[in-house]
Amino acid sequence: TRTPPRAYTKKLVVDCSGMDALSADSIMAWVISSPEPHNMHVILASSTPGMRRLQCTLQGMGCGVSRVRKGLLARHSSQ
């Protein structure tokens, strides 16, 4: 018997590492309006106050979350 092909789902990566905690409401509104938040991966700045709360909220909605130091992602992407 043949097994059916697995559905391949791409994750949407959203880089919010340059945003501050005041932008948390905008990020949340965008994720809430997304039809599949579990297929999103959000990158947040680790040094910004209030990001830990946003991280926990996003993870509770099913999003993947990474936290990076500001500027670290830009250095890696330019190489």
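Please read these numbers as outputs of a predicted model, since none were measured by experiment. (Residues numbered from 1 in each chain as written. Predicted model: local features only at pLDDT ≥ 70, side-chain atom pairs only at ≥ 80, totals over all residues. Heavy atoms only, no water.)

For the rest of this paragraph, the subject is the confidence of the model for the chain. Of all residues in the chain, 75% have pLDDT values of 70 or greater, and the mean over the chain is 78. The least confident element of the chain is helix H3 (residues 72-77), whose mean pLDDT is 46; the most confident is strand E3 (residues 64-68), at 91. Ignoring residues within four places in sequence, the model shows residues 73-79, a span with pLDDT below 50, making three contacts including any to other chains. (pLDDT = per-residue confidence, 0-100. Helix = DSSP H or I, 4+ residues; strand = E, 2+ residues; numbered from the N terminus. Contact = heavy atoms within 4.5 Å.)

Right, let's get into the packing of helix H1 (residues 24-33) against helix H2 (residues 51-60). The angle between the axes and the distance between the axes are what describe a pair of packed helices. Between H1 and H2, whose axes approach to 11 Å, the crossing angle comes to 5 degrees. With respect to H2, the element H1 is oriented roughly parallel. Packed against H1, whose contacting residues are Ala 24, Ile 27, Met 28 and Val 31, the element H2 presents Leu 54, Thr 57 and Leu 58 at the interface. (Axes fitted to C-alpha atoms, helices over the stretch in contact; angles between N-to-C directions. Parallel < 35°, antiparallel > 145°, perpendicular 65-115°, else oblique.)

Taken together, the three strands give an open sheet; going across it, the order is E1-E2-E3, and neighbouring strands pair in parallel fashion. On the outer flanks of this sheet lie strand E1 (12-16) and E3, each paired with one strand and no other. Averaged over all pairs of adjacent strands, the angle between their axes in this sheet comes to 20 degrees, without regard to strand direction. In terms of strand pairing, E1 meets strand E2 (residues 40-45) through five bridges, oriented parallel. Residue pairing across strands places Leu 12 opposite Met 40, the latter belonging to E2. (Pairing = 2+ DSSP bridges.)

Burial analysis of E2 places five of its six residues in the buried class, the great majority of the element. Sheet topology note: the E2/E3 ladder contains five bridges and is parallel. Bridging from a neighbouring strand, Ile 43 pairs with Ser 66 of E3. Once you follow E2 into H2 and on to E3, the crossover reads as right-handed. (Buried < 20%, exposed > 50% of the residue type's maximum accessible area, 1.4 Å probe, protein only. Right-handed = clockwise from strand over helix to strand, strands pointing away.)

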